[in-house]
Amino acid sequence: MNTRTIKLLLTATLAAPLMALAAGEHGGGHGKGMADMHKGMQGGGAMGGHESAAGKPGDPAKVSRTVPVEMDDTMRFTPSEISVKAGETIRFFVVNKGKIPHEMVIGSAAELDEHAEMMKKMPGMKHAEPNQINLDPGKRGGIVWTFDKAGSFAFACLVPGHKEAGMVGQVLVQ
Ligand SMILES: [Cu+2]
């Protein structure tokens, strides 16, 4: 899959049903390696493909509410703390206000650490998974995510160096 195709897919995220997007992207994105990595992280448990400790891809037809999120070159998300009720499906409306690419990736702290390591090994790798969106400067996009379990989860920009610089946020699911 080339960069242009992925960009088109990302651009289409707002318009297209997210599940369809995910299905289309799966073979060309992380592929099996990522699924295996996730499996390994979870000790071979129930987590395959798009399952996450932080929840699962949401149904765009069942969005409970929209949460706008801004990303900028100070390496911050605004807001950086989001409270959610367990079971809510959130549409994150993400905008990159910066002059460099940023991304928002949702997961548990452990998942994000693991993912950040992988990004360092494969610099320049672009993803399109349901738990994340990568945005060029000035672009907008969305993530629809269902937080079905209570707990403290995170979101981060996994462009190498950004998370380390503080580009991390917290989702509290109650
Ligand atoms: Cu960033």
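Analysis parameters
- Every residue gets a number counted from 1 within its own chain, in the order that chain's sequence is written.
- Selection of residues for local features in this predicted model requires a pLDDT of at least 70, selection of side-chain atom pairs for listing and counting requires 80 or more, and totals for whole chains, interfaces and linings are taken over all residues.
- Hydrogen atoms and water are omitted, and side-chain values are computed over all heavy atoms in the structure.
- Each helix is a run of DSSP H or I of at least 4 residues and each strand a run of E of at least 2, with the numbering of both proceeding from the N terminus.
- Per-residue accessibility, obtained with a 1.4 Å probe over protein chains only, is compared with the maximum for each type, and a residue is labelled buried under 20%, exposed over 50%, and partly exposed between these values.
- Only the protein chains shown count as covering a residue, and every accessible area follows the Shrake-Rupley method with a 1.4 Å probe.
- In this listing, donors mean N, O and S atoms no farther than 2.8 Å from the metal, or 3.2 Å for Na, K and Ca; water is missing from the atoms, so a site can look incomplete.
- Angle rules define the geometry names used: all angles between 85 and 135 degrees makes four donors tetrahedral, while opposite donors over 155 degrees apart and all other angles between 65 and 115 make four donors square planar and six octahedral, leaving every other case irregular.
- For this analysis, a nonpolar core means a set of buried residues of the types Ala, Val, Leu, Ile, Met, Phe, Trp, Tyr and Cys, connected via side-chain atoms within 4.5 Å.
- Residue contacts are defined here by distance: any two heavy atoms, one from each residue, within 4.5 Å place the two residues in contact.
- Two rings from Phe, Tyr or Trp (for Trp, the six-membered ring) form a pair when their centres are within 6.5 Å of each other. A pair whose planes differ by under 30 degrees is stacked, one over 60 is edge-to-face, and the rest are tilted.
- Paired strands, in this sense, are two strands between which DSSP finds at least two bridges.
- Interaxial angle, 0 to 180 degrees, is taken between N-to-C directions of lines fitted to C-alpha atoms, where a helix line uses only the stretch in contact.

Assigned secondary structure in the protein chain consists of four helices and 10 strands. Reading the helices (α) and strands (β) of the protein chain from amino to carboxyl end gives α-α-α-β-β-β-β-β-β-α-β-β-β-β. When the 174 residues of the protein chain are sorted by exposure, 43% land in the buried category. Accessible surface computed for the protein chain: about 8,200 Å², of which carbon and sulfur atoms make up 56%.

The subject of this paragraph is the coordination of the copper ion. In the first shell of the copper ion, the protein supplies His 102 (ND1), Cys 157 (SG), His 162 (ND1) and Met 167 (SD), at 1.9 to 2.7 Å from the metal. In this structure, the copper ion is coordinated by four donor atoms arranged in irregular fashion, with angles at the metal of 90 to 137°. Sequence positions of the residues that donate to the copper ion give the spacing H-x54-C-x4-H-x4-M. A residue pair is termed long-range when its members are at least 10 positions apart, and His 102 in strand β6 (residues 102-107) and Met 167 in the loop between β9 (151-156) and β10 (168-173) qualify at 65 residues. In terms of burial, His 102 and Met 167 fall into one category: buried.

Looking at where Lys 121 falls in the secondary structure, it is placed in helix α4 (residues 109-121). Taking the C-alpha atoms as reference points, Lys 121 and Pro 160, separated by 39 residues in sequence, lie 9.8 Å from one another.

This next bit is on the nonpolar core. Judged by nonpolar contacts, the single largest core of 24 residues is most densely connected at Phe 77, Phe 92, Met 104, Ile 106 and Phe 147. Elements supplying a minimum of two residues to this core: β2 (65-72), β4 (81-84), β5 (89-96), β6, β7 (132-135), β8 (140-146), β9 and β10. Once residues within four sequence positions are removed from consideration, Phe 77 is found in contact with Val 69, Glu 70, Met 71, Glu 103, Met 104, Phe 155, Ala 156, Cys 157, Met 167, Val 168 and Gly 169. Grouped together as the second largest cluster of nonpolar side chains are seven residues, Val 105, Leu 112, Met 119 and Leu 158 included.

For any pair of aromatic rings, the description rests on two quantities: the centre-to-centre distance and the angle between the ring planes. Scanning the entire structure with this criterion turns up two aromatic pairs. Their ring planes at 80° and their centres at 4.9 Å tell us that Phe 77 and Phe 155 sit as a pair that is edge-to-face. You can see Phe 77 sitting in strand β3 (residues 76-78) and its partner Phe 155 sitting in strand β9, a full 78 residues away along the chain. Each member of the pair Phe 77 and Phe 155 is classed as buried. Seen from their ring centres, Phe 92 and Phe 147 are 6.1 Å apart, and the 80° between their planes marks the pair as edge-to-face. Highlighted residues: Phe 92 in strand β5 and Phe 147 in the loop between β8 and β9, separated in sequence by 55 residues.

Turning our eyes to something else, we now look at the sheet that holds β10. Ordered in space as β4-β10-β9-β6-β7, the five strands form an open sheet in which the pairing is mixed. In this open sheet, the two edge strands, each paired with only one partner strand, are β4 and β7. Neighbour-to-neighbour, the strand axes of this sheet turn through a mean angle of 20°, independent of strand direction. Pairing between β9 and β10: six bridges, direction antiparallel. Counterpart to Phe 155 in the pairing with β10 is Gly 169. Contacting β6, β7 and β9, α4 crosses the sheet at an angle of about 140° to β6.

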